Amino acid sequence: MAEGRRALRFAIIGAGMAGILSAIKLREAGETDITVYEKADRLGGTWRENTYPGLSCDVPSHLYSYSFAPNPEWSHRFSPGAEIQAYFEHVAREHGVVDLMRFGDAVDSCAFVDGRWQLRTARGHRDVVDVVIAATGVLHRPRYPEIEGLDSFGGAMFHSARWDQGVEIDGARIGVVGTGSTGVQIVSALVDRVARLSLFQRTAQWILPQENPAYTDEQKEAYRADGEQLREMHAHLAEVFGMFAAAVVDADSPQIKAIEEMCLANLESSVPDPELRARLRPDYRAACKRLVISPNFYDAIQRPNAELVTEGIERIEPGGIRTRDGRLHELDVLVLATGFETNAFTRPMMVTGRDGMSLGEMWAKRPNAYLSISVPGVPNFFMLNGPNGPVGNFSLIEVAELQFDYILQLIEELQTGRCREISATRAAMDAFEAERVDATKHTIWMTGCRSWYLDDRGIPASWPFSFARFREEMAAPRMDAFETRT
Ligand SMILES: Cc1cc2nc3c(=O)[nH]c(=O)nc-3n(C[C@H](O)[C@H](O)[C@H](O)COP(=O)(O)OP(=O)(O)OC[C@H]3O[C@@H](n4cnc5c(N)ncnc54)[C@H](O)[C@@H]3O)c2cc1C
């Protein structure tokens, strides 16, 4: 620690992609007093928890990588989940941050008392730190559907994020509820292994066809030999996905129309049966919901042992799913690919700010934060992938990296002693929220679909500006948006 700088103690909560990133970046910045709290027994977050067949990233692997840790070994354009988990384990080990992690200990509460954060964990451990980095995840808490008789099912039933590897899938009659990216990946991966596959669809999805070629040994060798090639590819992909991000926030953009045309052509050319095609055709615009990327879903759902069930679900019975037309779809295994509680963020952890006000109370209506990072009255507490941040079809790693560089600049204020407490002002948060809500009107997410992006008011809980603007905002904090105390 350089002379004249305040030594700070840090707690990072969560050892997923964002928590690992935070530990690495803090270390690089010269910090040594860091503990990463992780409630599970391993790092990895999303990629530790999701082990379902067919799981892969849906942005190219060479973009879904830390900018400081390019990986010449990616096997495919969109690599499988287990490889992504192994990547995070490797990067954490290589950067020497695994030793900072305290596994199997959930942080239950954080309270800001006399200028410092007091933490208490589920195992009764207590800690006092200066700065909390909340990297607790977004797509983390499984959402279970409210269907009558759910618990009465006689076969094996689990959420896609809690896949039971002990259950025999081969030759089974399997039901999948949910048609998001996960449901589509599972159907495509399982159809050739099972006796019968029934996909229960409430909402049809637009599917963007994207091939998933394997990298050849020659390509990997070239990437190993020339790191510059990888960095260039990362930068190129970031640019392409930046254009996509700009398209979704402008529902009238030519790019979004081009995406719609590609999805429509995919449906028209892949599904000859007009009746099935009609049932697979969404009644809303492409990219209104998170765009599903798949090279083979339409093939999979047209296999003789596959059935698309669009009749509503009446209830679940011991033998299977009864649809509203009275038919019982007999099943051995039922997979709930029904997504996540997307507005939990740091909860249920109890976070109490300066005046005894909890985040739970502040977020009673809905979660909010200035630039998704800082909350008024909750000093020295910074979130990665917090409320209303970018969540479109692009790399959340890039988002977290930009957010962390911003947070580091706020931490710098504490280290230099310019202040002892820093949090966004209410005025800054309210002004940002008003501008954000206004900007959502022009986005594709507001063109008439039900999606997990929409909050209780029907407003997309996301970044409605361009990715270029996100980069700009993250480049340097506007200090007048922050309240500081010395
Ligand atoms: C199936 C699936 C596919 C995805 N594909 C992509 C993709 O292709 N591209 C993309 O950009 N994003 C994708 N995502 C989003 C993905 O969640 C993020 O990219 C990223 O992994 C999130 O990292 P994170 O560290 O913010 O959160 P998480 O990975 O959720 O990690 C949060 C960690 O915090 C821990 N934790 C939470 N609360 C506490 C507590 N109180 N105390 C201690 N520990 C706690 C959790 O156990 C977890 O390990 C996908 C998500 C899912 C579910």
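(A) Spatial organisation of the overall build of the protein. The number of helices and strands found in the protein is 13 helices and 21 strands. For the protein, the C-alpha radius of gyration of 23 Å lies close to 23 Å, the compact-globule estimate for 486 residues. Dimensions along the principal axes, computed over C-alpha positions, put the protein at roughly 70 × 50 × 45 Å. In the protein, which comprises 486 residues, the proportion classed as buried is 56%. Long-range contacts, defined as pairs at least 24 residues apart, comprise 71% of the intrachain contacts of the protein with a sequence gap of at least 6. Total accessible area computed for the protein in this model is approximately 20,300 Å², and 49% of it derives from carbon and sulfur atoms. Averaged over its 52 positive side-chain charges, the protein has a centre that lies 4 Å from the centre of its 68 negative ones.

(B) Structural context of unusual backbone geometry. Looking along the chain, the bond that leaves Arg 347 and enters Pro 348 is cis, with omega of 10 degrees. Notably, Asp 114 is not glycine yet its phi reads approximately 50 degrees, a positive angle. Along the chain, the position of Asp 114 falls in the loop between strand 4 (107-113) and strand 5 (116-121). For Asp 114, a relative accessible area of 79% gives the class exposed.

(C) Region of interest: the packing of aromatic side chains. Counted by the stated rule, this structure contains 23 aromatic pairs. Geometrically, the ring pair formed by Trp 117 and Phe 381 is tilted, given 5.4 Å between the ring centres and 50 degrees between the ring planes. Remark: Phe 381 occurs in strand 19 (residues 381-383) and Trp 117 occurs in strand 5; sequence separation between them is 264 residues. Comparing Trp 117 with Phe 381 shows no difference in burial state: the two are buried. Between the NZ or CZ atom of Arg 469 and the centre of the ring of Phe 465, over which it lies, the distance is 4.0 Å.

(D) Seen up close, the packing of helix 11 (residues 396-415) against helix 13 (residues 467-475). It is the contact of helix 11 with helix 13, at a shortest axis distance of 8 Å, that shows an interaxial angle of 25 degrees. Classified by the interaxial angle, the pair formed by helix 11 and helix 13 is roughly parallel. Residues Glu 398, Val 399, Leu 402, Gln 403, Tyr 406 and Gln 409 of helix 11 touch helix 13, and the partners they reach there are Phe 467, Phe 470, Arg 471, Glu 473, Met 474 and Ala 475.

(E) Structural view of empty space enclosed by the protein. Scanning the entire structure with this criterion turns up four cavities of 30 Å³ or more. Quantified by volume, the largest cavity comes out at close to 40 Å³. In terms of lining, the largest cavity is formed by Ala 134, Thr 136, Gly 137, Phe 345, Thr 346, Met 383, Leu 384, Asn 385 and Gly 386. Looking at side-chain class alone, the lining of the largest cavity contains four nonpolar, five polar and no charged residues.

(F) Region of the structure containing helix 7 (residues 254-270). Taking 1.5 Å per residue, 17 residues should reach 24 Å; helix 7 reaches 24 Å between its end C-alpha atoms and fits that length. Of the residues making up helix 7, those classed as buried are Ile 256, Ile 259, Glu 260, Cys 263, Asn 266 and Leu 267. All buried residues of helix 7 fall inside an arc of 125 degrees around its axis, so they share one side. In this structure, helix 7 carries Pro 254, Glu 261 and Ser 269 as exposed residues pointing more than 90 degrees from its buried face.

(G) Highlighting helix 11. Between the first and last C-alpha of helix 11 there are 28 Å, a value that for 20 residues agrees with the 28 Å anticipated at 1.5 Å per step. Counted residue by residue, helix 11 has 15 buried out of 20 residues, so it is predominantly covered. Two to three positions downstream of the cap, the backbone nitrogen of Ile 397 sits 3.1 Å from a side-chain oxygen, assigning the N-cap of helix 11 to Ser 395. One or two residues past the end of helix 11 sits Gly 417, with phi positive at roughly 85 degrees.

(H) Representation of the pattern of salt bridges in the model. On inspection of all chains with the given rule, the structure shows 41 salt bridges. Measuring nitrogen to oxygen at the nearest pair gives 2.7 Å for the salt bridge that ties Asp 438 to Lys 441. Residue classification places Asp 438 among the partly exposed positions, given a relative accessible area of 41%. Each of Arg 366, Glu 433, Arg 436, Asp 455, Asp 456 and Arg 457 takes part in one network of salt bridges that share partners.

(I) How the structure looks around the sheet that holds strand 14 (residues 313-317). Spatially, three strands are ordered 14-15-16 in an open sheet, and the strand pairing comes out antiparallel. What marks the edges here is a single partner per strand, and that holds for strand 14 and strand 16 (328-330). Ignoring strand direction, the axes of neighbouring strands in this sheet form an average angle of 25 degrees.

(J) Summary view of the pairing of strand 7 (residues 131-134). Taking every second residue as pointing to the same face, both faces of strand 7 are buried, with Val 131 and Ile 133 on one and Val 132 and Ala 134 on the other. For strand 1 (residues 10-13) and strand 7, the ladder comprises four bridges, and the chain directions are parallel. By the bridge assignment, Ile 12 is partnered in strand 7 with Ile 133. Relative to strand 19, strand 7 is paired through three bridges, and the arrangement is parallel. The residue bridging Val 132 from the neighbouring strand is Phe 381, located in strand 19.

(K) Inspection of the layout of surface pockets at higher detail. The computed volume of the second largest pocket comes to approximately 410 Å³. Elements represented by at least two residues in the lining of the second largest pocket include exactly helix 6 (227-248) and helix 7. The biggest single contributor to the lining of the second largest pocket is helix 6, with six residues. Split by residue class, the lining of the second largest pocket holds 14 nonpolar, three polar and one charged.

(L) Examining the state of the cysteines more closely. One pass over the structure, following the stated rule, counts one disulfide. There is a disulfide in this structure between Cys 288 and Cys 449, and the S-S distance comes to 2.1 Å. What sets the handedness of the Cys 288 and Cys 449 disulfide is the S-S torsion sign, and at about -95 degrees it is left-handed. Residue Cys 288 is located in the loop between helix 8 (274-280) and strand 12 (292-293), and its partner Cys 449 is located in the loop between helix 12 (426-440) and helix 13; the two are separated by 161 residues in the primary sequence.

(M) Geometry of the site of the ligand. Taken together, 35 residues surround the ligand, and among them Glu 38, Thr 46, Asp 58, Tyr 64 and Leu 396 come closest. Measuring from an oxygen atom of the ligand, one finds a side-chain N or O atom of Thr 46 at 2.7 Å. Contact between the ligand and Arg 48: an oxygen atom at 3.0 Å from a side-chain N or O atom of the residue. Among the secondary structure elements, those contributing two or more residues to the shell around the ligand are helix 1 (17-28), strand 2 (34-38) and helix 2 (46-49). Looking at the shell around the ligand residue by residue, the class counts come to 18 nonpolar, eleven polar and six charged.

So, how was this worked out
Just so you know, the residues in each chain are numbered from 1, in the order the chain's sequence is written. At least 70 in pLDDT is required for a residue's local features to be given in this predicted model, at least 80 for side-chain atom pairs to be given and counted, and no such filter applies to totals for whole chains, interfaces and linings, which use all residues. By convention in this description, side-chain values take in all heavy atoms of the structure and omit both hydrogens and water. Put simply, DSSP H or I for four residues or longer makes a helix, DSSP E for two residues or longer makes a strand, and each gets a number counted from the N terminus. The size measure is the radius of gyration over C-alpha atoms, and the globule rule it meets is 2.2 Å times the number of residues to the 0.38 power. Throughout this description, buried means an accessible area under 20% of the type-specific maximum (1.4 Å probe, protein chains only), exposed means over 50%, and partly exposed covers the range between. Here, residues are in contact when the closest pair of their heavy atoms is within 4.5 Å. Using the Shrake-Rupley algorithm and a 1.4 Å probe, accessible areas are obtained, with residue cover drawn only from the displayed protein chains. In summary, the charge assignment counts Lys and Arg as positive and Asp and Glu as negative, without counting His or the chain termini. Charge positions come from single atoms, namely NZ of Lys, CZ of Arg, CG of Asp or CD of Glu. The rule is short: rings of Phe, Tyr and Trp, with Trp giving its six-membered ring, pair when the centres are within 6.5 Å, and they are stacked under 30 degrees, edge-to-face over 60, tilted in between. A positively charged side chain is recorded as over a ring if its NZ (Lys) or CZ (Arg) lies within 6 Å of the ring centre. The angle to the ring normal must also be within 35 degrees. Working convention: axes come from line fits to C-alpha atoms, limited for helices to the stretch in contact. Angles between N-to-C directions cover 0 to 180 degrees. The scheme is simple: roughly parallel for angles under 35 degrees, roughly antiparallel for over 145, roughly perpendicular for 65 to 115, oblique for anything else. Each cavity reported here is a set of points on a 1 Å grid over the protein atoms alone in which a 1.4 Å probe fits but cannot get out, each pocket an open set with protein on both sides within 12 Å along at least five of seven lines, and each lining residue one with an atom within 4 Å of a point. Grid points are joined across faces, edges and corners, and a volume is the space filled by probe spheres set on the points. Under the grouping applied here, Gly and all other residues not named as nonpolar or charged are polar, the nonpolar ones being Ala, Val, Leu, Ile, Met, Phe, Trp, Tyr, Cys and Pro and the charged ones Asp, Glu, Lys and Arg. What a helix should span is 1.5 Å times the count of its residues minus one. The arc in question is the one spanned by the directions pointing from the helix axis to the C-beta atoms. Whenever a nitrogen or oxygen atom comes within 3.5 Å of another N or O atom, the pair is scored as a polar contact, on the condition that within protein one atom can donate a hydrogen and the other can accept it, and that pairs from neighbouring residues in sequence are kept only if both atoms are in side chains. By definition, a salt bridge exists where a carboxyl oxygen of Asp or Glu is found within 4 Å of a side-chain nitrogen of Lys or Arg. A pair of strands counts as paired when DSSP detects no fewer than two bridges linking them. Here, a disulfide means two cysteine sulfur atoms that sit within 2.5 Å of each other. Throughout this document, a residue counts as near a molecule or strand when at least one of its heavy atoms sits within 4 Å of that molecule or strand.

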